[in-house]
Amino acid sequence: EVRPVSDEGLMTMLSMPSPGSSPCADLSVGSSASTDTKAGADECEVVFSEGLDQIVDALSAASENVYMDGDACALLRDLRTYMREDMNVEVSDRRLVRAARLLKISAASHGRSKVDPIDCLLLQHMSWRLPEQRAAVREWIWDNLTPGGSNGGSTAVASCRILLGGLRREVIEVVRRTSGCVTGDSGARPADVGAIGSLRNEVSSLKEVLQSSAAGLARHIELLKESEDHLWLDPDEARAARQLLLPRALAASDSIGRALADAHALELALSTDHSSSIPNDVRLSVIETLWDDAADQEINFTDEELSIGMKDAKKKYDADTFRKWKRARKKANK
């Protein structure tokens, strides 16, 4: 019995430069190919004009230099899990490897060196077994495509917010003991100064994660805006995806931007750089008022946004934002 590759093994396999490549998958034969390889390619029985054959050769070669990052690999892994557990469809390792190769060729077709979320829209055509399953697969992909996890990217934002809030609480506790001192120059205990240094490093690391997420979302937003120019997507399909996914990406980008600004402010509040250092006697109060956790959880919707229908709002917003929209509309109608 041949068992499927584990989730961990699948992540490793998909991140390989050219998993599962073959003459038939490439649809081309290089000039330096062996006789056996040429014979295998001939068995594919695919006939191209000379010009198209050169294009396919170039795309096949370019795809070797395209990589799939952790988010793209995780999307394929989670799609396999969804198909197995919710649709009772077992997606084979071979099909996933072929899908990964197609995504790389899609990225290479647009001159990109990595598979982007927009390329993963193609997965809706490669995962279902029965035609009636296609709509459910497409919905799942739409719900999980925004960088940052499920629910339109809100998962990553929520996780970062939890970490940032926890770090601030620890910082407040230590800074209160040191009376605002972060260097030890004013008599703070070395253990507390060391703890502040460790917390400062954690805040800096979280800020780097948020910066990377912000950059990924910015890239995703630009590609969504140009989605109708995607060579592999039907224009109507690309337009529908943009209308649904662009508002989600913009909302996630705004949330990530606020979290990034707060992380940077907390980092500055702990800085030992004299040019930007805060006086010890006000440092604690500054840190305590950097942001309001309760206020950050609410969103100020416009009157126009509150006037749209329930169905349209559910399509427009991720799950967390949709719940906040319902609360805000309920308050407005009182």
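Cut-offs used in this document
Residues numbered from 1 in each chain as written. Predicted model: local features only at pLDDT ≥ 70, side-chain atom pairs only at ≥ 80, totals over all residues. Heavy atoms only, no water. Helix = DSSP H or I, 4+ residues; strand = E, 2+ residues; numbered from the N terminus. Buried < 20%, exposed > 50% of the residue type's maximum accessible area, 1.4 Å probe, protein only. Contact = heavy atoms within 4.5 Å. Areas by Shrake-Rupley, 256 points an atom, 1.4 Å probe, with all protein chains shown as cover. Axes fitted to C-alpha atoms, helices over the stretch in contact; angles between N-to-C directions. Left-handed = near helix turned anticlockwise from the far one by under 90°. Nonpolar A, V, L, I, M, F, W, Y, C, P; charged D, E, K, R; others polar. Disulfide = S-S within 2.5 Å. Phe/Tyr/Trp six-rings, centres within 6.5 Å; stacked < 30°, edge-to-face > 60°. Lys NZ or Arg CZ within 6 Å of the ring centre and 35° of its normal. Polar contact = N/O pair within 3.5 Å; in protein donor to acceptor, adjacent residues only side chain to side chain. Core = buried A, V, L, I, M, F, W, Y, C linked by side-chain atoms within 4.5 Å. Salt bridge = Lys/Arg side-chain N within 4 Å of Asp/Glu carboxyl O. pLDDT = per-residue confidence, 0-100.

Draft legend 1. Fine view of the overall build of the chain. Scanning the chain for helices and strands turns up 15 helices and zero strands. Taking all 334 residues of the chain together, 40% fall into the buried category. Counted over contacts in the chain with a minimum sequence separation of 6, partners at least 24 positions apart contribute 70%. Of the roughly 18000 Å² of accessible surface on the chain, 51% is carried by carbon and sulfur atoms.

Draft legend 2. The arrangement of the packing of helix H7 (residues 134-144) against helix H10 (residues 235-269) in detail. As a packed pair, H7 and H10 sit with axes 10 Å apart at the nearest point and diverge in direction by 40 degrees. As for the relative orientation of H7 and H10, their crossing is right-handed in sense. Residue-level inspection shows Arg 134, Trp 142 and Asp 143 of H7 in contact with H10, the latter providing Glu 237, Ala 240, Ala 241, Leu 244, Leu 245 and Arg 248. In terms of residue class, the contact of H7 with H10 is built from five nonpolar, no polar and four charged.

Draft legend 3. Region of interest: the state of the cysteines. For the structure on display, the rule yields zero disulfides. Between Cys 120, a cysteine without a disulfide, and Cys 73, which holds the nearest cysteine sulfur, the sulfur-to-sulfur distance is 9.3 Å.

Draft legend 4. Structural view of the packing of aromatic side chains. Under the criterion given, the structure shown has one aromatic pair. In this structure, Arg 168 is placed above the aromatic ring of Trp 291, and the distance from its NZ or CZ to the ring centre is 4.3 Å.

Draft legend 5. Layout of the side chain of Arg 168. In this structure, Arg 168 sits in helix H8 (residues 154-178). Note on Arg 168: relative accessible area 8%, which makes it buried. Side-chain polar atoms of Arg 168 contact the backbone oxygen of Glu 288, separated by 3.5 Å.

Draft legend 6. A look at the nonpolar core. By size, the foremost hydrophobic cluster in this structure holds 40 residues, and its most contacted members are Met 68, Leu 76, Met 83, Leu 103, Leu 121, Leu 123 and Leu 245. The element best represented in this core is helix H5 (residues 70-86), accounting for seven residues. Counting 26 residues, the second-largest nonpolar core is a separate cluster that includes Val 175, Leu 206, Ile 256 and Leu 260.

Draft legend 7. Molecular detail of the pattern of salt bridges. Using the criterion set out here, one finds 22 salt bridges in the structure. The salt bridge partner of Arg 84 is Glu 90, with a shortest N-O separation of 3.8 Å. Exposure remark for Arg 84: the relative accessible area of 31% places this residue in the partly exposed category. Here Glu 90 falls in the partly exposed class, since its relative accessible area comes to 39%. The salt bridge involving Asp 254 is made with Arg 258; its shortest N-O contact spans 2.3 Å. Of this pair, Asp 254 and Arg 258 are both found in helix H10, four residues apart, which corresponds to roughly one turn of the helix.

Draft legend 8. Main features of unusual backbone geometry. The backbone phi angle of Asn 88 is positive, close to 55 degrees, even though this residue is not glycine. With respect to the element layout, Asn 88 can be found in the loop between H5 and helix H6 (93-109). Of note in the backbone geometry, Ser 179 takes a positive phi value of approximately 55 degrees without being a glycine. Note on placement: Ser 179 falls in the loop between H8 and helix H9 (190-225).

Draft legend 9. How the structure looks around the confidence of the model for the chain. On average, the chain scores 83 in pLDDT, and the residues at 70 or more come to 80%. Considering each helix and strand of the chain separately, the mean pLDDT is smallest for helix H2 (residues 23-26), with a value of 46, and largest for H9, with 96. Of the regions scoring below 50 in pLDDT, residues 22-35 engages in 24 contacts with residues more than four places distant in sequence or in other chains. Considering only residues more than four positions removed or in separate chains, one finds that residues 37-41, a stretch of pLDDT under 50, has eight contacts.

Draft legend 10. Layout of the environment of Glu 170. Here Glu 170 shows up in helix H8. Spatially, the C-alpha atom of Glu 170 lies 8.9 Å from that of Ile 196, the residues being 26 residues apart in sequence.

Draft legend 11. Fine view of the environment of His 110. Locating His 110 in the fold gives a position in the loop between H6 and H7. Relative accessible area serves as the criterion here: at 28%, His 110 is assigned to the partly exposed category. With residues up to four places along the chain from it excluded, the contact list for His 110 reads Asp 229, His 230, Leu 231 and Trp 232. Here the side chain of His 110 touches Leu 231 through a polar contact of 3.0 Å, landing on its backbone nitrogen.

Draft legend 12. Representation of the environment of Met 310. For Met 310, the position within the fold is in helix H14 (residues 310-316). Overall, the relative accessible area of 39% leaves Met 310 in the partly exposed class. Residues Met 310 and Trp 325, spaced 15 residues apart in sequence, show a C-alpha to C-alpha distance of 9.5 Å. Excluding residues within four positions of it along the chain, Met 310 makes contact with Phe 322, Trp 325, Lys 326 and Arg 329.

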